[in-house]
Amino acid sequence: MSDEEHQFESKADAGASKTYPQQAGTIRKNGYIVIKNRPCKVVEVSTSKTGKHGHAKCHFVAIDIFNGKKLEDIVPSSHNCDVPHVNRVDYQLIDISEDGFVSLLTDNGNTKDDLRLPSDEALLTQIKDGFGEGKDLVVSVMAAMGEEQICALKDVGPK
Amino acid sequence: MMQQQPHGVAPDLAQLQSTMHAIELACSSIQMHTNSAAAEATLLSLNQSTRPYKLCQFILDNSQVANARFQAASAIRDAAMREWSSLTGDDKKGLIGFCLCYVMQRASSPEGYVQAKVSSVAAQLMKRGWLEFTVAEKETFLHQVNQAIIGIHGIDVQFSGINFLESLVSEFSPSTSSAMGLPREFHEQCRKSLELHYLKTFYCWAKDAAVSVSARISESGTKVPEVKVCTGSLRLMLQILNWEFQPNVTSAKAGINVFSPGVRSDLTASKRSDCNVAQPGAAWRDALISSGHVGWIVSFYAALREKFSTGRYWLDCPVAVSARKLIVQFCSLAGTVFLSGDEHMQQNHLLQLLSGIIHWIDPPDAIAQAIESGRSESEVLDGCRALLAIATVVNPILFDHLLKSIRPFGTLTLLSNLMSEVIKVQMTKRSDDETWSWEARDILLDTWTALLMPVDTSAGNTMLPLDGINAAANLFALIAESELKSASASALDEDDGDDYLQASISSMDERLISYALIGRAAVNVTIPLLTRLFSERVALLHQGRGIMDPTPTLEELYSLLLIIGHILADEPEGETPLIPNSIQSDFADTVETQNHPVVILSVSIIKFAEQSLNPEMRAAVFSPRLMEGKSILDIIVRVSVTTLLSYPGEKNLQALTCFQLLHALVRRRHICSSLVLLDSWRALARAFTNEEALFLLNSVNQRSLAQTLVLSASGIKNSESANQYVRDLMGHATKYLIELSNKSDLKIISQRPDVILPLSCLLERLRGAARASEPRTQRALCEMGFSIMTPVLVLLEVYKNESTVIYMLLKCVVDWVDGQIAYLESRETAAVVEFSIRLLQLYSSHNIGKISISLSSNLISEANTEKYKDLRALLQLLSSFCSKDLVDFSLDSDESQSTNIAQVVYLGMHIVNPLISLELLKYPKLCHDVSSNNFIQKHIDVLASLKLISSFIWQYFALLSHMLEVYPETVGRLDSEAFLHVLGTLDFGLHHQDTEIVNMCLRSLKALAAYHYKETTSGNLGLGSHATPVKDPRGDMQDGVLSRFLRLLLQLLLFEDYSPDLVSPAADALFPLILCEQGLYQKLANELIERQVNPSFKSRLSSAFHMVTNANQLSCNLDRMNYQRFRKNVNAFLVEVRGFLRTV
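Cut-offs and rules
- Residues numbered from 1 in each chain as written.
- Chains lettered and ligands numbered in written order.
- Predicted model: local features only at pLDDT ≥ 70, side-chain atom pairs only at ≥ 80, totals over all residues.
- Heavy atoms only, no water.
- UniProt positions renumbered as here; feature names shortened; annotations may be inferred.
- Buried < 20%, exposed > 50% of the residue type's maximum accessible area, 1.4 Å probe, protein only.
- Helix = DSSP H or I, 4+ residues; strand = E, 2+ residues; numbered from the N terminus.
- Pairing = 2+ DSSP bridges.
- Expected span 1.5 Å × (residues − 1).
- Contact = heavy atoms within 4.5 Å.
- Axes fitted to C-alpha atoms, helices over the stretch in contact; angles between N-to-C directions.
- Parallel < 35°, antiparallel > 145°, perpendicular 65-115°, else oblique.
- Left-handed = near helix turned anticlockwise from the far one by under 90°.
- Nonpolar A, V, L, I, M, F, W, Y, C, P; charged D, E, K, R; others polar.
- Phe/Tyr/Trp six-rings, centres within 6.5 Å; stacked < 30°, edge-to-face > 60°.
- Lys NZ or Arg CZ within 6 Å of the ring centre and 35° of its normal.
- Core = buried A, V, L, I, M, F, W, Y, C linked by side-chain atoms within 4.5 Å.
- Buried area = accessible area lost by both parts, 1.4 Å probe.
- Salt bridge = Lys/Arg side-chain N within 4 Å of Asp/Glu carboxyl O.
- Polar contact = N/O pair within 3.5 Å; in protein donor to acceptor, adjacent residues only side chain to side chain.
- Lys, Arg positive; Asp, Glu negative; His and termini not counted.

For chain B, an unreviewed UniProt entry supplies the name Exportin-4 and the organism Linum tenue. What the UniProt record of chain B gives under Sequence similarities (unreviewed entry) is the line "Belongs to the exportin family."

Chain A is annotated in an unreviewed UniProt entry as Eukaryotic translation initiation factor 5A from Linum tenue. Looking at the Sequence similarities (unreviewed entry) heading of the UniProt record, one finds this comment for chain A: "Belongs to the eIF-5A family."

Below, the structure written as structure tokens:
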């Protein structure tokens, strides 16, 4: 990815930036990184050198936070990498529609209806079962680089 | 299948024959791999049958199949070892006699392995009966052997005799003896008996045999059969000289002089090459020294060598190899075998050997050339080993002196020349294969080490004679040249794989230590030499800047720095290195500091390091690897500031700077006090608070840097300014946290990476500072913690989905509480407690019932791991509260305000416990993805998470048992759900595989039951309703908890597997449990007794149960005395009944 893509926008708009540059050496295991234009979570970092008197390079193994695919990258440790802006918001789950969409209650009382249930069977049943049992469920929605997905589920129980 | 031989009845011939055929068939089908299971069963039944001796002897005598004879021999051995005690004396002697005769009569048999086997069976049987046979009986056997060795029955028998003695000696030597199912004392007595009464005789027999055939060999050649006998005898002699002689205790007081001339006490020093010092003692003097025996072996070898000088193969043929090995072993002869007053005796002995050995290694250049053109290297290697052996037994002066009487130079000069030649060979042929020159170099380096390694009892006794010093200097120059050459040649090697690199680094280290010893032996020459080499390389860098590739020169400098570092100081291993003796004493006469060669060298290195401060030079010259050279990093703070600021992303270098260099500086107070006065230190502190680049250090280094800087405050004398220094240092971090937490748009901006990055960096710094708690700066750190409490709670809320930040917040709090708790006043304690409880509640409300959802199993398991880490941190927090009751430095003594720590911790556990499901305590399935292509990495990950989990479990049970032991009364007040949860985990812990965890659970149980018993006997409630039976929801009666654990513990003790270490703690828990629940205990005991069918077991069990509670005047008091008695009773009880209870 070239540097032009993340020029700093005006302050008021800064929150909208999708990625931020960060020195490769500071990105740690469990941090986030953009590889091949996908937002990923780092599961392994190792450093190596090119030749005896060369500079260190970081080798990242990371997992796409949305589709679970594994990606790898090698970056000189003093260079910058893109770090995605990963945002998580909690919503109360109000309804699951038959066409596979969920209905969520936002903080200001509106509903958010544009989010699909996960396609994976196991995850789907986890959510459906919980909802079916009449539990009060809160879902965490993870958003990064223009994509959104449910990433966690919490039973807040009857109050 | 084998028929068993009835006692005493001789089996008839036909039967023997048919069994023999069965065995033969089995042997051949094993060889052909047909039906091998059945064949193996047949052979096994032969080995296990009762008294198979007649049959085996029959097979040995008659079978044509060699393997069958071999099996028969081993069956004799096995059966005899098994049945030894039931055999009559005549049987035993008969068997040994049979084996010996067999070996002698069939000496010329072509199947050598059968002979060797029978011979070793004879030796083993002989040893088995060694202590019961009379001297005369042993003499009879040995006489037969002696007759054979003398040679009257021919060469083959002679060889067999020697062969038998070899087996016998190796049976009696502790390191090579075979197991016989007998205690060590038996082997030890045999060893002693053989050493005292027979070993020397055997040696003389072998010697005589060798001498008797030597003339014939010298005349004819290596093809004659006598060579076999000669080789065997030489081997036997070597084996006997290698015997681990024990100093004779009776004569020790008079005879052994520990400080006898030449014998060195540091023989255990680690060696790359083997060198056993032989110390047979005074009794051997006539056989080894005075008989001229050494002269014979030396001249025998020399004569043969002369005779076969044309044949290249000869040097490697067995007789030559054995003879050389024997000569080398003679070199290592030491101790009272030499007259203790007569120094010349050992000298003459060594000289005699050396005059023979010298031809193997001198002149070095000619020999090296011959080897390079195809001659065998084994002789010169043995020569090197001989030098090593001599160096091990004498001091350097004597070592050097030895050669002077036959050559115009000393032995040290020869050693130096020889090694130089070896190094030259290495330089010309740079190959990766390990050639002879490598091996020779290692042996010779060991020789130098043996000579020069300081003996710690007396300082400075490793002085060399003058020409020895010159020899060392010359050699060192060549070594330096060779190392530089190989460094510059390897500079451009790209892919030295990591594993190989590690191995070569450790061998390099060993080598450097030896080099340093050689270098230090001639410091007057070597230090200036190194200074010159170093400045030459530096000048070369300057000249060539921009023109040529600096890499080879850089690598040379790196290698030089390593060598210099080793010469100037020993590897410190965490301690402050001392100046080596030789450097201190040799330059004693140089008074001016500025002209001291060591100072000149050090200054030139420091100057060079300083040049890294010049940015232009840095860009051109200083690669990260060069800066890693330890000797450079020993120097100044400025360099470290530069490394931290100017090498972004070089983690290894930064870690070195933070951990080794800077952290080492603050370990001593007097260094701290000068440190805080330095401008450069202030510059570092300023950079720490202001410099962007330092925010980019990785977390561990960040923490360590903060810790180091705060620790240096101990060097500030005035307590007020020390606290102010810490405030200034950490102010930026607390300010940032407070400002961030007060931002109105925090929720929106908090998840941006450019906010998370500085936040995590500052949290690591706060954590580092919190770890540097010391009385002097406690005030400032305490304020620091209080000021961030509210921000921490705000951030905990905002980042509830960002596990990495949460973990940093928790750890920061944990480390702060751990460092501060002991100092806090009661009002402060209350505030900290309130804060911690809110923190726990907040964490719990975010996480309880939460499920992570992801497509990637990898990410799911990461999320689980993080959960463990968080919970472990929370438990650590609670544990550090526990310590407040034990260690308290606070000044106020107002009890009324003080917080009840026990209640707080229980409250905390009550909050945390629901998060710790029993599922979490079990090892979860971690290996989801075995198909992963990186299988090993996967396993390492699994191991790492197992380690994490077990440390978490340990933390949990440690806290639990501490709480139950110290505050059992509080547990009684828990509500029943919480109480059952606690006990559920105890139940789980009792079945854990880790003994320590089971032990902690047993201690908890003991505390609980003891508390209940004491309370109830004095009329109180104790555990109250928890201990009484209750109805469960289905209406069944449920035992009270104590009854449940009594059942569980008895079940465990009587029927399950556990470590013997657990018996005592289990008894300690059982005793109060029995006292609490006597009725149930009686019932359980009766049930067990009734279950026994066998009447004798029944009565044994019931009396055992009676003894447990009644023996040793056990009473119903829970005091130390009674616990001890009960432990004894339980031990006796288990010994008595566990065996049949578990099997029946």
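Student: I would appreciate a short explanation of the pairing of strand 4 (residues 56–64) of chain A in the present structure.
Tutor: Side chains on a regular strand alternate between the two faces of the sheet. All names here are of chain A. Counted residue by residue, strand 4 has seven buried out of nine residues, so it is predominantly covered. Pairing geometry for strand 3 (residues 38–49) and strand 4, over nine bridges, is antiparallel. Its bridge partner lying in strand 4, Ser46 is registered against His59.

Student: What's the story with helix 51 (residues 1078–1091) of chain B in this structure? I'm lost.
Tutor: Residue and element names in this part refer to chain B. The terminal C-alpha atoms of helix 51, which comprises 14 residues, lie 20 Å apart, in line with the 20 Å expected from a rise of 1.5 Å per residue. Listed in full, the buried residues belonging to helix 51 are Leu1080, Tyr1081, Leu1084, Ala1085, Leu1088 and Ile1089. Residues of helix 51 that are buried sit in contact with helix 49 (1041–1055), helix 50 (1063–1076) and helix 52 (1095–1110).

Student: Can you help me understand the packing of helix 10 (residues 199–219) of chain B against helix 11 (residues 226–241) of chain B in this one?
Tutor: Two quantities define a packed helix pair, namely the angle between the helix axes and the distance between the axes. Residue and element names in this part refer to chain B. Between helix 10 and helix 11, whose axes approach to 8 Å, the crossing angle comes to 150 degrees. Accordingly, the angle class assigned to the pair helix 10 and helix 11 is roughly antiparallel. The handedness of the crossing between helix 10 and helix 11 comes out as left-handed. Counted together, Leu199, Phe202, Tyr203, Ala206, Lys207, Ala209, Ala210, Val213, Arg216 and Ile217 of helix 10 and Glu226, Val227, Val229, Cys230, Ser233, Leu236, Met237, Ile240 and Leu241 of helix 11 form the full contact between these two elements. Across the contact of helix 10 with helix 11, the residue classes tally to 15 nonpolar, one polar and three charged.

Student: So what exactly am I meant to see when it comes to the packing of helix 1 (residues 13–32) of chain B against helix 3 (residues 53–62) of chain B here?
Tutor: Residues and elements named next belong to chain B. For the pair helix 1 and helix 3, the least separation of the axes is 10 Å and the interaxial angle reads 70 degrees. One finds that helix 1 runs roughly perpendicular with respect to helix 3. Contacts from Leu13, Leu16, Gln17, Thr19, Met20 and Ile23 of helix 1 reach helix 3 at Leu55, Phe58, Ile59 and Asn62. Within the contact of helix 1 with helix 3, the residues separate by chemical class into seven nonpolar, three polar and no charged.

Student: Got a minute to help me understand the packing of aromatic side chains in this structure?
Tutor: Residue and element names in this part refer to chain B. Taken as a whole and assessed by the stated rule, the structure comprises 17 aromatic pairs over all chains. Ring geometry for Phe70 against Tyr113: centres 5.6 Å apart, planes inclined by 45 degrees, an arrangement best described as tilted. In this pair, Phe70 sits in helix 4 (residues 66–83) while Tyr113 sits in helix 6 (residues 112–128), placing the two residues 43 residues apart along the sequence. On the basis of relative accessible area, Phe70 is assigned to the partly exposed category, the value being 25%. On the basis of relative accessibility, which here comes to 39%, the residue Tyr113 falls in the partly exposed class. A connected cluster of aromatic rings, assembled from ring pairs, spans Trp130, Phe172, Tyr198, Phe202 and Trp205. Residue placement shows Lys127 over the ring face of Phe172; its charged tip is 5.6 Å from the ring centre. If you follow Arg1044 out to its NZ or CZ, it ends over the ring of Phe1045, 5.5 Å from the centre.

Student: In this structure, what is going on with the sheet that holds strand 11 (residues 147–155) of chain A? I would like to understand it.
Tutor: Sheet strands line up and pair through hydrogen bonds in the backbone, either parallel or antiparallel. What the six strands build is an open sheet, ordered 9(A)-8(A)-7(A)-10(A)-11(A)-1(B); its pairing is antiparallel. If you trace the sheet from one side to the other, it starts and ends with strand 9 (111–116) of chain A together with strand 1 (850–852) of chain B, each paired once. Averaged over all pairs of adjacent strands, the angle between their axes in this sheet comes to 40 degrees, without regard to strand direction. Of the strand pairs in this sheet, strand 7 (residues 87–96) of chain A and strand 8 (residues 101–105) of chain A are connected by four bridges, and their pairing is antiparallel.

Student: Would you explain the nonpolar core in this entry?
Tutor: The tendency in soluble globular proteins is for nonpolar side chains to be buried side by side. Residue and element names in this part refer to chain B. In this structure, Phe202 and Phe330 are the most contacted members of the largest nonpolar core, which totals 187 residues. It is helix 18 (residues 378–393) that contributes the most residues to this core, 10 residues altogether. Setting aside residues up to four positions removed in sequence, Phe202 forms contacts with Leu142, Leu165, Leu168, Val169, Leu194 and Ile240. Grouped together as the second largest cluster of nonpolar side chains are 165 residues, Ile806, Ala1104, Val1108 and Phe1126 included.

Student: Hey, could you run me through the interface of chain B and chain A in this one?
Tutor: Facing 50 residues of chain B, the contacting portion of chain A comprises 52 residues. Buried area between chain B and chain A, both sides added, is near 4300 Å², and the carbon and sulfur share of it is 52%. Of all residues in chain B, the largest losses of buried area upon contact with chain A belong to Gln751, Ile853 and Leu855 of chain B, amounting jointly to 16% of the total for that side. In this structure, the salt-bridge partner of Lys800 of chain B is Asp90 of chain A, at a minimum N-O distance of 3.1 Å. Remark: the boundary between chain B and chain A carries 10 residue pairs in polar contact (both at pLDDT 80 or more). Tallied by class, residues from the side of chain B that touches chain A come to 14 nonpolar, 20 polar and 16 charged. Bridge count for strand 11 of chain A against strand 1 of chain B is three bridges, and the pairing is antiparallel. Each bridged residue has a counterpart across the sheet, and for Ala152 of chain A the counterpart in strand 1 of chain B is Ser852 of chain B.

Student: Please explain the side chain of Lys811 of chain B as it appears in this structure.
Tutor: Tracing the chain through its elements places Lys811 of chain B in helix 40 (residues 803–820). Buried within the structure, Lys811 of chain B lacks any salt-bridge partner; Asp815 of chain B is the closest side chain of opposite charge, at an N-O distance of 5.3 Å.

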